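Below, each chain spelled out in residue letters.
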Amino acid sequence: MIQQSGEIEQIIEKTAKLTAEKIYAKMRSDNAKEQESLFSERLYNTRLLLDHYRLFKEHAENAVFELTRLDEAELSAIEIMDSMRQSIGPGRGEIAIESIVKSALRTEIVIKHINEMLGIYEAYCYRSGKPENERRWDIINTMYIKPLQGNKTKTELYEELAEKHFISDRQVKYDINMALEQITALLFGIDGVRRLEFKKKK
């Protein structure tokens with residue numbers, strides 16, 4: 001049966017619309033995967049940065065500032081932290097840390113940003129009125145921030161914190177992971193916050 005030109009136009013229009021919807025859906029899916037990957041990398045970087053926080057702080061306090069490249073002076077903390085993405089992989093995280101520590105200016109920029117965001121996170125934890133948030137701040141503070149008393153291992157710190165807060169070692173690790181997600185969102189700005197909100201909706 002020969003179709004009228006009007007019917008053909010409707011079929012073409014409908015097909016074009018369906019195709020556009022599929023393309024748009026794929027783009028959204030690809031973008032979600034890309035955002036997921038980016039947040040995972042930044043979460044890894046946050047853990048790496050906090051693992052070396054005490055080193056950064058000591059280096060920043062004792063560093064001798066020298067004349068540096070002008071382009072380096074213009075870098076933001078997020079740009080410096082995101083530059084670590086190129087160094088992700090087995091053993092390469094240490095290279096990324098070294099590249100920050102080698103520059104007194106980079107160390108100063110990063111440590112100042114981390115301190116500001118940790119201050120915001122601490123205030124959030126106490127103002128929330130939720131005991132688990134206050135506990136999470138104490139765990140993060142003990143694990144990464146405040147000076148260590150003696151050469152305690154991570155395992156010893158987990159056990160100490162579990163005993164202090166009447167929780168299991170497993171709960172300590174869970175609290176660290178939850179806190180690191182929120183700290184990542186703070187450290188990396190609006191992109192991190194969007195990714196965290198997207199994760200909550202899943």
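Predicted model only: the values in this text are computed from it and were never measured. (Residues numbered from 1 in each chain as written. Predicted model: local features only at pLDDT ≥ 70, side-chain atom pairs only at ≥ 80, totals over all residues. Heavy atoms only, no water.)

1. Thoughts on the overall build of the chain
Right, on to step 1. A count of helical and extended segments in the chain gives 10 helices and zero strands.
Right, on to step 2. Counting every position in the chain, which comprises 202 residues, the buried fraction comes to 35%.
Right, on to step 3. Of the contacts made within the chain by residues no fewer than 6 positions apart, 73% connect residues no fewer than 24 positions apart. (Helix = DSSP H or I, 4+ residues; strand = E, 2+ residues; numbered from the N terminus. Buried < 20%, exposed > 50% of the residue type's maximum accessible area, 1.4 Å probe, protein only. Contact = heavy atoms within 4.5 Å.)

2. Structural notes on helix α7 (residues 131-145)
Right, on to step 1. Its 15 residues give α7 an end-to-end C-alpha distance of 20 Å, which sits within 8% of 21 Å, the value for a rise of 1.5 Å per residue.
Right, on to step 2. For α7, the tally of buried residues reaches 12 of 15 residues, placing the bulk of the element in the interior.
Right, on to step 3. Within the sequence span of α7, burial applies to Asn133, Arg135, Arg136, Trp137, Asp138, Ile139, Ile140, Asn141, Thr142, Met143, Tyr144 and Ile145. (Expected span 1.5 Å × (residues − 1).)

3. Focus on the packing of aromatic side chains
Right, on to step 1. Scanning the model with the defined rule gives two aromatic pairs in all.
Right, on to step 2. Between Tyr121 and Tyr124, the aromatic rings sit 6.3 Å apart at their centres with planes inclined by 35°, giving tilted as the arrangement. Placement of both Tyr121 and Tyr124 in helix α6 (residues 104-127) is noted, with a separation of three residues, approximately one turn of the helix.
Right, on to step 3. Three or more aromatic residues link up through ring pairs in this structure, and these residues are Tyr121, Tyr124 and Trp137. (Phe/Tyr/Trp six-rings, centres within 6.5 Å; stacked < 30°, edge-to-face > 60°.)

4. Some thoughts on the pattern of salt bridges
Right, on to step 1. Tallied over the entire structure, the rule returns five salt bridges.
Right, on to step 2. Asp175 serves as the salt-bridge partner of Arg136, at 3.0 Å between the closest nitrogen and oxygen. In this pair, Arg136 is assigned in helix α7 and Asp175 in helix α9 (residues 169-187), connecting sequence segments 39 residues apart.
Right, on to step 3. Relative accessible area serves as the criterion here: at 0%, Asp175 is assigned to the buried category. (Salt bridge = Lys/Arg side-chain N within 4 Å of Asp/Glu carboxyl O.)

5. With respect to the nonpolar core
Right, on to step 1. Of all hydrophobic cores here, the largest spans 40 residues; its most connected members are Ile140 and Ile176.
Right, on to step 2. Taken together, the elements giving at least two residues each to this core come down to α1 (5-51), α2 (53-62), α4 (77-82), α5 (92-101), α6, α7, α8 (154-165) and α9.
Right, on to step 3. The contact partners of Ile176, leaving out residues within four places of it in the chain, are Arg47, Ile139, Ile140, Met143, Tyr144 and Tyr158. (Core = buried A, V, L, I, M, F, W, Y, C linked by side-chain atoms within 4.5 Å.)

6. Re the packing of α8 against α9
Right, on to step 1. Running from N to C, α8 and α9 point in directions that differ by 100°, and their axes come no closer than 8 Å. Taken together, α8 and α9 sit at an angle that is classed as roughly perpendicular. Each of Tyr158, Glu159, Leu161 and Ala162 in α8 lies in contact with α9, whose residues at this interface are Asp169, Val172, Lys173 and Ile176.
Right, on to step 2. Classifying every residue of the contact of α8 with α9 gives five nonpolar, no polar and three charged. (Axes fitted to C-alpha atoms, helices over the stretch in contact; angles between N-to-C directions. Parallel < 35°, antiparallel > 145°, perpendicular 65-115°, else oblique. Nonpolar A, V, L, I, M, F, W, Y, C, P; charged D, E, K, R; others polar.)

7. Let's talk about the side chain of Asp138
Right, on to step 1. Structurally, the position occupied by Asp138 is in helix α7.
Right, on to step 2. When sequence neighbours within four positions are dropped, the list of residues in contact with Asp138 reads Leu161, Lys164 and His165.

8. Section: α6
Right, on to step 1. Compared with an ideal rise of 1.5 Å per residue, which puts 24 residues at 34 Å, α6 spans 34 Å between its outermost C-alpha atoms and is within 8% of the ideal.
Right, on to step 2. Regarding α6, the residues found buried are Ala104, Arg106, Thr107, Ile109, Val110, Ile111, His113, Ile114, Met117, Leu118, Tyr121 and Cys125.

9. Observations regarding the confidence of the model for the chain
Note: predicted coordinates in regions of low pLDDT should not be interpreted at a detailed level.
Right, on to step 1. With 74% of its residues at a pLDDT of at least 70, the chain reaches an overall mean of 79.
Right, on to step 2. When pLDDT is averaged over each element of the chain, α7 comes out on top at 97 and helix α3 (residues 70-73) at the bottom at 51. (pLDDT = per-residue confidence, 0-100.)

10. A closer look at unusual backbone geometry
Right, on to step 1. Here Phe166, not a glycine, exhibits a phi torsion of approximately 55°, which is positive.
Right, on to step 2. Within the fold, Phe166 resides in the loop between α8 and α9.
Right, on to step 3. On the basis of relative accessibility, which here comes to 77%, the residue Phe166 falls in the exposed class.

11. A short note on the environment of Lys102
Right, on to step 1. On the secondary structure map, Lys102 appears in the loop between α5 and α6.
Right, on to step 2. Take Lys102: its relative accessible area is 73%, and that puts it in the exposed class.
Right, on to step 3. Distance in space between the C-alpha atoms of Lys102 and His59 is 9.5 Å, their sequence separation being 43 residues.

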